[in-house]
Amino acid sequence: QETWAGEYQDLQGQPVMGATAPVPGISWVAVAEVRQAEIYATRRIAWWVLLGGSPIIGLLLGQVVSALLSRQLLRPMRRLQAGVQHIGQGDLNYRIGLEPRNEIGEVAVAFDDMAARLQERERQVAAQTAALLESEARYRAIVEDQTELICRCAPDGVITFVNEAYCRYFGKRREELVGQSSMPLIPPEDQRLMAARITALGRENPVIAIEHRVVMPDGEIRWQHWTARAIFDGRGQLSEFAGVGRDITDHKRADAELRYRSELEGLLIALSMRFINMH
């Protein structure tokens, strides 16, 4: 958990000077190494000068070498560590800004490139999310403006969505309908018909049209016509039903009245023919 610098032998047995620093957020440690021959080339010269009787010059050269070590290793390493910490905390605008002159600089450039890619990906995700939300808002506006009854149900019949027209039709709030089963609104004999039709749905025939009765909150029986579509997930499993319905009670009553009149006319004709035959 601390920065360290010192001399040692690398894995090939070469004398090197290195510095280490922990990478924040993970259990990695960054290590940079430079051969001692490169670092102490100037110091060796200073040593010969020192042997020649110039201790002051040797001391100054030693300080210069230490300063060079600090500039080439320790300060870039601290800068790299600070940059990694900023990026690890989510600051993708931060750039370490080291030149790729050595291993530390190359690692810094790699982190800068990674932050730039993450920043671009974050921008793309934000744009896609905004487009998705806008599309969903348009879809909901279209659905809510429809006069037809629109709903979605889970495979077990539990309602997951209804539009305003559906709520107005049954005289209930959306919170009273979502999460409840749609079956109690349908008479038992019509429930069996619907169950048989739904069982026949599959990927080859995902759409059905069905007419059934519904029980209104005041007990009135009305007729509805629904076009329902089965929606399957990527594994081919049924995930949802989506349906569009309308009230056809007036149409059913008109049909019943026409049938009644037709039957009545037939009965009157039959009685008339029998009366004529009798006379």
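Cut-offs applied
Residues numbered from 1 in each chain as written. Predicted model: local features only at pLDDT ≥ 70, side-chain atom pairs only at ≥ 80, totals over all residues. Heavy atoms only, no water. Helix = DSSP H or I, 4+ residues; strand = E, 2+ residues; numbered from the N terminus. Contact = heavy atoms within 4.5 Å. Pairing = 2+ DSSP bridges. Axes fitted to C-alpha atoms, helices over the stretch in contact; angles between N-to-C directions. Core = buried A, V, L, I, M, F, W, Y, C linked by side-chain atoms within 4.5 Å. Buried < 20%, exposed > 50% of the residue type's maximum accessible area, 1.4 Å probe, protein only. Salt bridge = Lys/Arg side-chain N within 4 Å of Asp/Glu carboxyl O. Patch = residues over 30% accessible without salt bridge, like charges linked within 9 Å, V, L, I, M, F, W, Y side chains within 5 Å. Areas by Shrake-Rupley, 256 points an atom, 1.4 Å probe, with all protein chains shown as cover.

## Things to note about the side chain of Gln36
- With respect to the helices, strands and loops of the structure, Gln36 is situated in helix H1 (residues 36–39).
- Apart from residues lying up to four places away in sequence, Gln36 is in contact with Glu7, Tyr8, Pro15, Val16, Met17, Ala41 and Arg44.

## Focus on the sheet that holds strand S8 (residues 238–247)
- Taken in spatial order, the five strands of this open sheet run S5-S4-S8-S7-S6, and their pairing is antiparallel. The open sheet has two free edges, formed respectively by strand S5 (159–162) and strand S6 (207–215), since each of these has just one partner strand. Here the average twist between neighbouring strands, direction ignored, is 25°.
- Relative to S5, strand S4 (residues 149–153) is paired through three bridges, and the arrangement is antiparallel. Across the sheet, the residue bridging to Arg152 is Phe161, located in S5.
- Where helix H7 (residues 188–199) meets the sheet, its contacts fall on S6 and S8, and the angle it forms with S6 comes to roughly 165°.

## Here's the deal with the nonpolar core
- Counting 18 residues, the largest nonpolar core has Leu149, Cys151, Val162, Tyr166, Tyr169, Phe170 and Trp226 as the members making the most contacts within it.
- In terms of residues, this core owes the most to one element, helix H5 (residues 164–170), which gives five residues.
- Contacts of Tyr166, omitting those with residues within four sequence positions, involve Leu149, Ile150, Cys151, Ile159, Leu177, Leu185 and Trp226.
- Counting residues in hydrophobic clusters, the runner-up holds 11 residues, among them Ala19, Val23, Leu98 and Ala108.

## What to know about the pattern of salt bridges
- Considering all chains together, one arrives at 12 salt bridges under this definition.
- Put simply, Arg253 and Glu220 hold a salt bridge, and the shortest N to O gap is 3.5 Å. Residue Arg253 is located in helix H8 (residues 249–278), and its partner Glu220 is located in the loop between S6 and strand S7 (221–232); the two are separated by 33 residues in the primary sequence.
- Since its relative accessible area comes to 45%, Arg253 is described here as partly exposed.
- Several salt bridges converge on common partners, so that one network encompasses Glu220, Arg222, Asp247 and Arg253.

## Description of the pairing of S7
- Sheet topology places S6 next to S7; nine bridges connect them, and they run antiparallel. Its bridge partner being in S7, Ile208 is matched across the sheet by Ala228.
- Note: S7 against S8, nine bridges, orientation antiparallel. Among the inter-strand pairings, His225 is bridged to a residue of S8, identified as Arg246.
- Where S7 folds back on S8, the antiparallel hairpin that results is connected by five residues, among which Gly236 adopts a positive phi of roughly 85°.

## Brief notes about a nonpolar patch on the surface
- On the surface, a cluster of nonpolar side chains totalling about 500 Å² of accessible area is made up of Tyr260, Leu264, Leu267, Leu268 and Leu271.
- Along the polypeptide, Leu264 turns up in helix H8.
- Exposure remark for Leu264: the relative accessible area of 36% places this residue in the partly exposed category.

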